[in-house]
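Remarks on the overall topology
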Amino acid sequence: MTEVKLPRRDFLKAAGAASAAGAAAATGIAACSPAAETAATAPPAEPEIWLTLNATEAAFVKAVVDTLIPADELTPSGTDVGLATFIDRQLAGGFGNGAKLYRSGPFLPGKPEHGYQLALSPRDFFRAGISEANAWTTKTYGKEFDRLTVEQRNEALTAIETGKAQFNGGFTSNFFFDNFLQLSMEGFFADPMYGGNKNKVAWKMIGFPGLPASYREEVKTYFNKKYDKEPQSIADFS
Amino acid sequence: MVTKLNEVDAVVIGVGMTGAMIAKEFTLAGLTVVGLERGPDRRPREESVLPRIRDELKYVQRLELMQDNSIDTVTFRNNSEQTALPIRRWGAFLPGEGVGGTLNHWGGMHWRYLPTDFRIRSTITERYGAGAIPGDMTIADWPVSYDELEPYYDKFDKMCGVAGKAGNLRGQKIAGGNIFEGARSDEYPTPALKPSGGAVLFTQACNNLGHHPFPAPFGAASQPYKNIYGIQLGACEYCGFCGRNSCEANSKVTAPTHIMPALRDEAKFTLRTNAFVSKLVYDRQAKKVTSVLYTDMNTGEEYEQPAGIVILSGYVFTNSNMLFHSGIGEPYDARTGRGVVGKNYCYQFEATATAFFEDKNLNPFMGSPGDRAVIDDFNGENFDHSGLDFLGGGYIRGGSGAEPPIGGRAVPADVPSWGSEWKKETVRWYYHAVEFQNQGSVYANRANYLDVDPIYKDALGRPLIRLTYNATKNDHAMSRYMLTKIDAIIKEMNPTHYELHPRPLNFTIVPYQSTHNTGGTMMGTTPANSVVNRYQQSWAAHNLFIMGASTFPQQHGYNPTGTVGALAYFASDKIVKDYVKNPGPLVQA
Ligand SMILES: Cc1cc2nc3c(=O)[nH]c(=O)nc-3n(C[C@H](O)[C@H](O)[C@H](O)COP(=O)(O)OP(=O)(O)OC[C@H]3O[C@@H](n4cnc5c(N)ncnc54)[C@H](O)[C@@H]3O)c2cc1C
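Remarks on the overall build of chain A
Of the regular secondary structure elements, chain A holds nine helices and zero strands. For chain A, the α and β elements follow one another from N to C terminus as α-α-α-α-α-α-α-α-α. The buried share of chain A, reckoned over its 238 residues, is 47%. Long-range contacts, defined as pairs at least 24 residues apart, comprise 60% of the intrachain contacts of chain A with a sequence gap of at least 6.

Next up, the structure:
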């Protein structure tokens, strides 16, 4: 049995709200944002179900997506917009299991010019990356990533992003970071049907209208005029 | 056990764009045709429909329509000294799979090459002297001229319903079109698309600088149009999801929408999907391919399909690889310069830039790749290279929009890539970016080529094809020069902030650059300098014809498909008119 982790949601929420208030004061752009309301009213707690992530991995993923996408005046936290769910589903499915990935050896170390050259499926790569990241934060801070304070998380993630964190799994920390960030951004901006971008928060944040995306006249009538429409997703047309 | 099938008039290997075109032309001429396509069938009414088609994750990021790397891929290295590693997941380029092939998810930039491009070696020699071409630059004249191809460019335009504005109609220059283009016998089938906000800004700046901007020609109908096969096309919706995806409006040209409805039910045509062709059976004595071997990927059964005419239209990598595996033609040897199969592999050299305009609202999700504006003033031999340290050039285009948000949300380079600051900056710049691109030529170099990989295998156990490729000094010098032109245009547009993106020193397989791979089975005037003649007919096997950009001697400063399409019609016309009656070499070696 691994140790039982304490629920960290509430703590995070408080921390997120505090930094959100700071950011809002600094920029002064929050007041009229519709996302601000969404951020303030916490959605009802849903049961957490993981298709493939184990408890340690789930805690890590949640902590990282909350660092990448902190709750602030623009959106709720990464976990609250469904990014951990998105990553779990992606890793459990075809992508995670290496669908359409050429997986024959020999597996030789490549240069960055060669792209992905690991023998691991994306699922196994994330497993290995999470364990390396937790090993590094344990060595550096005495704790796994999800147990760090918000400041420590930012600092640790920066070290991982820039390759300063020492990983021993046959890949660098920045390579793991790049893949993690890419998957997170996919979840954040993809159609909500995949589990991330809940309530189309990311689309609302930037002003992407989603569907149906027929602009034959609008390309002219909205010339140099902001096309500010409430976004619609695939589910809205299904 | 290989099951031998009944002989047909023609077999087409790969029912992508050119494969479908040839199959259609052959059946019109009364030939029986079997199409062998490695991927699945693609039926637009099931796949390319709203709302499911507006799914950026599935199509753009997970590459739903692209070739399955686990079945077949390419290995890559920068030079002959290195060990090539397999492309495990596509990056720089994205070959397609299934009926319609790569064209199902193309960007639609629809071009003709310049008359001087077709005689580039001669033009350069005439203008700058014989010494102007560096010894390692293995460029060659095309064995076909612009004027000979023009009727077939025109036919291809009318199959596609291309949108654009002519700049040279039967020799008469027309302001607002591309005044550098070769003479067209007819206007574009449909009018140019409406420009994006960024394209309007780009056009103004180019006019101020004395360049000659014009709307980008686009391989899609801008208004309803009936194509040469009687298929009704719809108008472009400016949906913004076009790149890497098919089109629900029946507007952007793909084989499943523009050809298959007029071919699918043709009694003389048989389509076999999931049919992976592994080898051509070659009779060296008779100089013929007698049949082709393929594996049904659903059952694992092997079949032999005899045919009178064999069309190899499997995209650039399959085309060379099939010749290697079948022992047809002499493989190119980069050390000696001997041999032809795999020679003159080229690509596109694309420098880009991004400019941000805080006071403009550019609606980045609207539009299509065809709503860009372009200048051709610095392409090919449209400008004087005297005193410059390079040959070649390319068009420059500018515009905004046409990108969904996972991939399309530029921020200045110094913005962090995550956290609250990143969110704020993303919101700040999202509506305000204009993109610029130079579609740079790649003049062949003797060090860049395709051959057989010694280590890695495909799903059938055949060696993978190996790509040895790097950018050259000429490419970089050309690109630096083009960036100075882009820089001047951007300055004239007066942005809040802008960034130029010079190419990295070494070619890299990530991220995406373009699917404009060319060469490997180049055309030419003799068996010693080429794999096929001007009719795309193999010198080594007279009933074998090779379609696609693999036959280009080098790559010029344009996207390839317009010329690929024209060549396919040029060749099929000759085959139907002459070869069928009198099979044999169409050009004497
Ligand atoms: C994202 C993207 C954007 C692009 N944008 C542009 C653009 O803006 N302008 C432009 O000019 N071009 C563009 N292109 C390039 C354009 O798509 C190609 O030039 C064009 O599709 C080539 O046609 P083809 O018939 O040679 O090959 P394809 O259309 O790829 O057809 C080849 C077919 O052969 C099949 N095949 C391969 N090997 C085998 C085998 N062994 N057995 C059986 N079948 C096989 C494949 O599955 C495929 O269906 C773009 C491409 C991509 C991917």
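Thoughts on the overall build of chain B
Looking only at helices and strands, chain B has eleven helices and 24 strands in total. The C-alpha radius of gyration of chain B comes to 23 Å, within 12% of the 25 Å expected for a compact globule of 589 residues. For chain B, the residues scored as buried account for 66% of the 589 residues in total. Long-range pairs, those at least 24 residues apart, make up 75% of the contacts in chain B between residues at least 6 apart in sequence. Approximately 19100 Å² of chain B is accessible, and the part contributed by carbon and sulfur atoms is 49%.

Concerning the interface of chain B and chain A
Listed as interface residues are 67 residues of chain B and, on the opposing side, 74 residues of chain A. Considering only the surface of chain B that becomes buried against chain A, R88, W418 and K423 of chain B emerge as the three largest contributors, covering 16% of it. On the surface where chain B and chain A come into contact, there are four salt bridges. For R62 of chain B, the salt bridge is made with E186 of chain A, and the minimal N-O distance between the two is 2.7 Å. At the surface where chain B touches chain A, the tally comes to 37 residue pairs in polar contact (both at pLDDT 80 or more). Sorting the residues of the side of chain B that touches chain A by element identifies α3 (56–61), β4 (74–77), β5 (85–86), α6 (197–208), α9 (419–429) and β20 (449–457) of chain B as the ones contributing at least two each. Looking at the side of chain B that touches chain A element by element, the count peaks at seven residues for α9 of chain B. Looking at the side of chain B that touches chain A residue by residue, the classes come out as 31 nonpolar, 18 polar and 18 charged.

Examining the environment of S368 of chain B
All names here are of chain B. Within the secondary structure layout, S368 lies in the loop between β16 (352–356) and β17 (373–375). By relative accessible area, S368 is classed as buried at 2%. Placed 127 residues apart in sequence, S368 and F241 show a C-alpha to C-alpha distance of 7.7 Å. For S368, the contacting residues outside a window of four places in its chain are L193, F218, C236, Y238 and A402.

Quick notes on the nonpolar core
With 144 residues, the main nonpolar core has F93, L280 and L544 of chain B as its most contacted residues. If near-sequence neighbours (up to four positions away) are discounted, L280 of chain B is found in contact with I13, V289, S291, V292, V310, M322, L323, S326, I328 and L544 of chain B. A63, A84, I130 and Y141 of chain A belong to the second largest nonpolar core, which has 73 residues in total.

Remarks on the site of the ligand
Residue and element names in this part refer to chain B. Around the ligand there are 36 residues in total, and T18, E37, T102, T318 and T561 lie nearest to it. Interatomic distance of 2.6 Å between a side-chain N/O atom of E37 and an oxygen atom of the ligand. A distance of 2.7 Å separates a nitrogen atom of the ligand from a polar atom in the side chain of T561. Expressed as a share of its isolated accessible area of 1000 Å², the protein-covered part of the ligand is 97%. For the shell around the ligand, the secondary structure elements donating two or more residues are α1 (17–28), β12 (275–283) and α8 (315–326).

With respect to the pattern of salt bridges
Residue and element names in this part refer to chain B. Scanning all chains against the criterion turns up 38 salt bridges over all chains. The residue D371 makes a salt bridge to R372 at a minimum N-O spacing of 3.1 Å. Residue D371 shares its accessibility class with R372, and that shared class is buried. When the shortest N-O distance is used, the salt bridge between K491 and D487 registers 2.6 Å. On the criterion of helical spacing, the pair formed by K491 and D487 is a turn pair, its members being four residues apart in helix α10 (residues 473–493). Here D487 falls in the buried class, since its relative accessible area comes to 15%. Residues participating in the shared-partner salt-bridge network are R112, E150, D157, E181 and R184.

Thoughts on the side chain of T18 of chain B
All names here are of chain B. Within the fold, T18 resides in helix α1. Using a relative accessible area of 7% as the deciding quantity, one classes T18 as buried. Those residues in contact with T18 that lie beyond four places of it in its chain are S313, M547, G548, V564 and A568.

Section: the sheet that holds strand β22 (residues 497–501) of chain B
Residues and elements named next belong to chain B. Pairing in this open sheet of six strands is antiparallel, and the strands run β8-β17-β18-β19-β16-β22 from one edge to the other. Whereas interior strands pair on both sides, the edge strands pair on one side only; in this sheet they are β8 (214–215) and β22. The pairing of β8 with β17 spans two bridges and is antiparallel. Bridge pairing links F214 to V374 in β17.

Section: the packing of helix α6 (residues 150–161) of chain A against helix α7 (residues 173–189) of chain A
All names here are of chain A. Orientation of α6 relative to α7, taken along the N-to-C sense of each, is 110 degrees, at an axis distance of 7 Å. Taken together, the axes of α6 and α7 are roughly perpendicular relative to one another. Residues L157, A159, I160 and E161 of α6 touch α7, and the partners they reach there are S173, N174 and F177. Of the residues in the contact of α6 with α7, the class split is four nonpolar, two polar and one charged.

Topic: the pairing of strand β14 (residues 302–312) of chain B
All names here are of chain B. For β14, a buried count of eight out of eleven residues is recorded, marking the element as mostly surrounded by other parts of the structure. Relative to β14, strand β1 (residues 2–4) runs parallel, the two being bridged by three bridges. Its bridge partner being in β14, K4 is matched across the sheet by E304. The sheet contact formed by strand β2 (residues 8–13) and β14 spans five bridges and is parallel.

Some words on helix α11 (residues 561–579) of chain B
Compared with the 27 Å implied by 1.5 Å per residue over 19 residues, the 25 Å span of α11 of chain B between its first and last C-alpha is a close match. Most of α11 of chain B is tucked away: 14 of the 19 residues are buried.

What about the sheet that holds β20 of chain B?
Residue and element names in this part refer to chain B. Sheet architecture is open: four strands sit in the order β5-β4-β21-β20, paired in mixed fashion. Bordering the open sheet on either side are β5 and β20, each of which pairs with just one other strand. With five bridges joining them, β20 and strand β21 (residues 463–468) adopt antiparallel strand pairing. Bridge pairing in β21 places L450 opposite L467. Where α8 meets the sheet, its contacts fall on β4, β20 and β21, and the angle it forms with β21 comes to roughly 120 degrees.

Quick word on the side chain of D72 of chain A
Tracing the sequence through the fold places D72 of chain A in the loop between α3 (55–68) and α4 (83–92). Under the relative-accessibility criterion, D72 of chain A is labelled buried at 2%. Of note is the side chain of D72 of chain A, whose polar atom sits 3.0 Å from the side chain of K423 of chain B.

Focus on unusual backbone geometry
Residue P106 of chain A is reached from G105 of chain A by a cis peptide bond, and omega for that bond is 0 degrees. On the secondary structure map, P106 of chain A appears in the loop between α4 and α5 (122–141). Cis geometry marks the peptide bond from L211 of chain A to P212 of chain A, where omega comes out at 0 degrees. Even without being glycine, R244 of chain B reaches a positive phi, approximately 70 degrees. Along the chain, R244 of chain B turns up in the loop between β10 (232–233) and α7 (255–258). Even without being a glycine, N363 of chain B presents a positive backbone phi close to 35 degrees. Along the polypeptide, N363 of chain B turns up in the loop between β16 and β17. With relative accessibility at 3%, the residue N363 of chain B sits in the buried group.

Rules used throughout
Residues numbered from 1 in each chain as written. Chains lettered and ligands numbered in written order. Predicted model: local features only at pLDDT ≥ 70, side-chain atom pairs only at ≥ 80, totals over all residues. Heavy atoms only, no water. Helix = DSSP H or I, 4+ residues; strand = E, 2+ residues; numbered from the N terminus. Buried < 20%, exposed > 50% of the residue type's maximum accessible area, 1.4 Å probe, protein only. Contact = heavy atoms within 4.5 Å. Rg over C-alpha atoms; globule rule 2.2 N^0.38 Å. Areas by Shrake-Rupley, 256 points an atom, 1.4 Å probe, with all protein chains shown as cover. Buried area = accessible area lost by both parts, 1.4 Å probe. Salt bridge = Lys/Arg side-chain N within 4 Å of Asp/Glu carboxyl O. Polar contact = N/O pair within 3.5 Å; in protein donor to acceptor, adjacent residues only side chain to side chain. Nonpolar A, V, L, I, M, F, W, Y, C, P; charged D, E, K, R; others polar. Core = buried A, V, L, I, M, F, W, Y, C linked by side-chain atoms within 4.5 Å. Near = heavy atom within 4 Å. Pairing = 2+ DSSP bridges. Axes fitted to C-alpha atoms, helices over the stretch in contact; angles between N-to-C directions. Parallel < 35°, antiparallel > 145°, perpendicular 65-115°, else oblique. Expected span 1.5 Å × (residues − 1).

Function cannot be inferred from these measures alone, as they are strictly geometric.
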